[in-house]
Amino acid sequence: MNEDVLVIENLQTAFDTEQGRLTAVDGVSFTVPAGKTVGIVGESGCGKSVTAMSIVQLLPQPAGVITGGKVIFKGKDLIGVDDETLYGIRGNEIGVIFQEPMTALNPVQRIGKQLSESLILHKGMSKKDAWAESVNLLDMVGIPSPEIRVGEYPHQLSGGMRQRVVIAIAIVCKPDLIIADEPTTALDVTVQAQILDLLKKLQKENGSSVILITHDLGVIAETCDEVVVMYGGRVVEQAPVENIFKNPQHAYTKGLLDSIPRLETPRKSLLKTIPNMVAGLAEFVDGCRFCQRMEREGDSLNTRPELKEVATDHWVEACPQCTTHA
Ligand SMILES: Nc1ncnc2c1ncn2[C@@H]1O[C@H](COP(=O)(O)OP(=O)(O)OP(=O)(O)O)[C@@H](O)[C@H]1O
Ligand SMILES: [Mg+2]
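Source: prediction; values computed, not measured.

Once that is clear, we can look at the site of ligand 1. Taken together, Phe15, Ala24, Glu43, Ser44, Gly45, Cys46, Gly47, Lys48, Ser49, Val50, Pro60 and Leu281 form the complete shell of residues around ligand 1. Note that an oxygen atom of ligand 1 is positioned 3.1 Å from one of the backbone N or O atoms of Gly47. At a separation of 2.8 Å, an oxygen atom of ligand 1 approaches a polar side-chain atom of Lys48. Considered on its own, ligand 1 offers 640 Å² of accessible surface; in the complex 66% of this is hidden by protein.

Structure below.
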């Protein structure tokens, strides 16, 4: 199957704030092919989570609004559909894993009840069957003594275990798409690796597609088929993972790559960092936002660069000061 599970077209998401309506996601487009993992990478505040929350329409209310674009999931635009349809899709066809497992779990409900809920609601299982299936799921995500854990509460589990439970909840209905927003950031490194392996294994077994949000390019290199690089609420580059690492085309992508620590770097040398800070939402120019960050001058600051396909499936925001492809 070669179809795209998800096609995002020109997505615009804004927040109503004291400063007025501010656009956080500004015309983002990318696709998620069936069975593939697409990584979204970029510094803090560049719009990764807002993009994810827009896909499943779980934006903070009432401030967050989708002001334009399409989110086409399995051929159907989700923007503007009724709540009931969305309830039917979330947790069933699209599973979501957020960063902090404690906020995703209900502290006063047994693990088994939280897992059973989706199975009863979306799959019409009886309570008893759903409980038995919950034990299987806990086993599948690598939780020891699942038949005991299933009756426990979230606070009785370690952080790594809780994140495994959150993953189990996200995959309980074998979704076509899993959205994982920094699923391992709160965990220590060895647990991180286990969780990522687990995600990979489950994805293979279920044939799901995955959107993996992270600021860790190491995680991207190991896990993703394609990469979307975001800056200032926009996509500045999208390409197959090998291209991003071997042949990056946008100055921002190059900057991110240069800031990864490497074994061959002498121990006492300083890591390269990208200078200056990301502008606030209200200060962004309409032209190239990375030029704005780098305090460059010229016409590129006035006109939004278009996305250009510079090699097969390799897209770059064609700013003349940030890439040779303009
Ligand atoms: N509820 C909100 N009200 C106003 N602005 C918001 C709100 N939530 C997010 N934003 C703004 O939207 C922009 C994008 O935020 P987002 O959370 O998507 O960043 P991110 O890329 O996920 O960053 P991080 O790596 O820190 O998670 C930021 O400028 C942020 O301040
Ligand atoms: Mg985020």
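Continuing now.
Pairing between the strands of a sheet is mediated by backbone hydrogen bonds and can be parallel or antiparallel. Spatial ordering of the open sheet is given by β2-β1-β4-β5, a layout of four strands whose pairing is antiparallel. Whereas interior strands pair on both sides, the edge strands pair on one side only; in this sheet they are β2 (20-33) and β5 (76-77). Pairing geometry for strand β1 (residues 4-17) and β2, over eleven bridges, is antiparallel. Counterpart to Asp4 in the pairing with β2 is Pro33. Across the sheet, helix α1 (residues 48-55) touches β1, β2 and β4 (64-73), and the angle it forms with β1 is around 110°.

The next thing to look at is the environment of Cys224. Of note, Cys224 is situated in the loop between α9 (217-223) and β9 (226-231). Taking the relative accessible area as the measure of exposure, Cys224 reaches 6% and is therefore buried. Cys224 sits 68 residues away from Gln292 along the chain, and the two C-alpha atoms are 29 Å apart. Setting aside residues no more than four positions away along its own chain, Cys224 makes contact with Thr37, Val38, Gly39, Leu212 and Val241.

What follows deals with the pairing of strand β3 (residues 37-41). The side chains of a regular strand alternate, residue by residue, between the two faces of the sheet. Most of β3 is tucked away: five of the five residues are buried. Residues Thr37, Gly39 and Val41 line one face of β3 and the alternating positions Val38 and Ile40 line the opposite face, and both faces are buried. In terms of strand pairing, β3 meets strand β8 (residues 209-213) through four bridges, oriented parallel. Of the residues in β8, the one forming a bridge with Val38 is Ile211. Bridge count for β3 against β9 is four bridges, and the pairing is parallel. Opposite Gly39, over in β9, you have Val227 as the bridge partner.

Glancing now at the pattern of salt bridges. Within this structure, the stated rule accounts for nine salt bridges. Of the charged contacts, one joins Lys74 and Glu93 as a salt bridge, the two residues approaching to 2.7 Å between their closest N and O atoms. Of the two residues, Lys74 is situated in the loop between β4 and β5 and Glu93 in the loop between α2 (83-89) and β6 (94-97); the sequence distance between them amounts to 19 residues. Owing to a relative accessible area of 22%, Glu93 belongs among the partly exposed residues under this scheme. Residues participating in the shared-partner salt-bridge network are Asp26, Arg234, Asp286, Arg289 and Arg304.

Since there are 3.6 residues in each turn of an α-helix, residues three or four apart along the chain are aligned in direction. Burial analysis of helix α11 (residues 251-258) places six of its eight residues in the buried class, the great majority of the element. Every buried residue of α11 is listed here: Ala251, Tyr252, Thr253, Gly255, Leu256 and Leu257. Buried residues along α11 sit in contact with β3, α9, β9, β10 (234-240), α10 (241-246) and α12 (289-293).

The N-to-C vectors of helix α7 (residues 159-171) and helix α8 (residues 189-206) enclose an angle of 15°; their axes lie 11 Å apart at closest approach. Judged by the angle between their axes, α7 and α8 are roughly parallel. The hand of the α7/α8 crossing is right-handed. Within the contact between the two elements, α7 uses Gly160, Gln163, Arg164, Ile167 and Ile171 and α8 uses Val191, Gln194, Ile195, Leu198, Leu199, Leu202 and Asn206. The residue makeup of the contact of α7 with α8, split by class, is seven nonpolar, four polar and one charged.

Cut-offs and rules
- Residues numbered from 1 in each chain as written.
- Chains lettered and ligands numbered in written order.
- Predicted model: local features only at pLDDT ≥ 70, side-chain atom pairs only at ≥ 80, totals over all residues.
- Heavy atoms only, no water.
- Near = heavy atom within 4 Å.
- Polar contact = N/O pair within 3.5 Å; in protein donor to acceptor, adjacent residues only side chain to side chain.
- Areas by Shrake-Rupley, 256 points an atom, 1.4 Å probe, with all protein chains shown as cover.
- Pairing = 2+ DSSP bridges.
- Helix = DSSP H or I, 4+ residues; strand = E, 2+ residues; numbered from the N terminus.
- Contact = heavy atoms within 4.5 Å.
- Axes fitted to C-alpha atoms, helices over the stretch in contact; angles between N-to-C directions.
- Buried < 20%, exposed > 50% of the residue type's maximum accessible area, 1.4 Å probe, protein only.
- Salt bridge = Lys/Arg side-chain N within 4 Å of Asp/Glu carboxyl O.
- Parallel < 35°, antiparallel > 145°, perpendicular 65-115°, else oblique.
- Left-handed = near helix turned anticlockwise from the far one by under 90°.
- Nonpolar A, V, L, I, M, F, W, Y, C, P; charged D, E, K, R; others polar.

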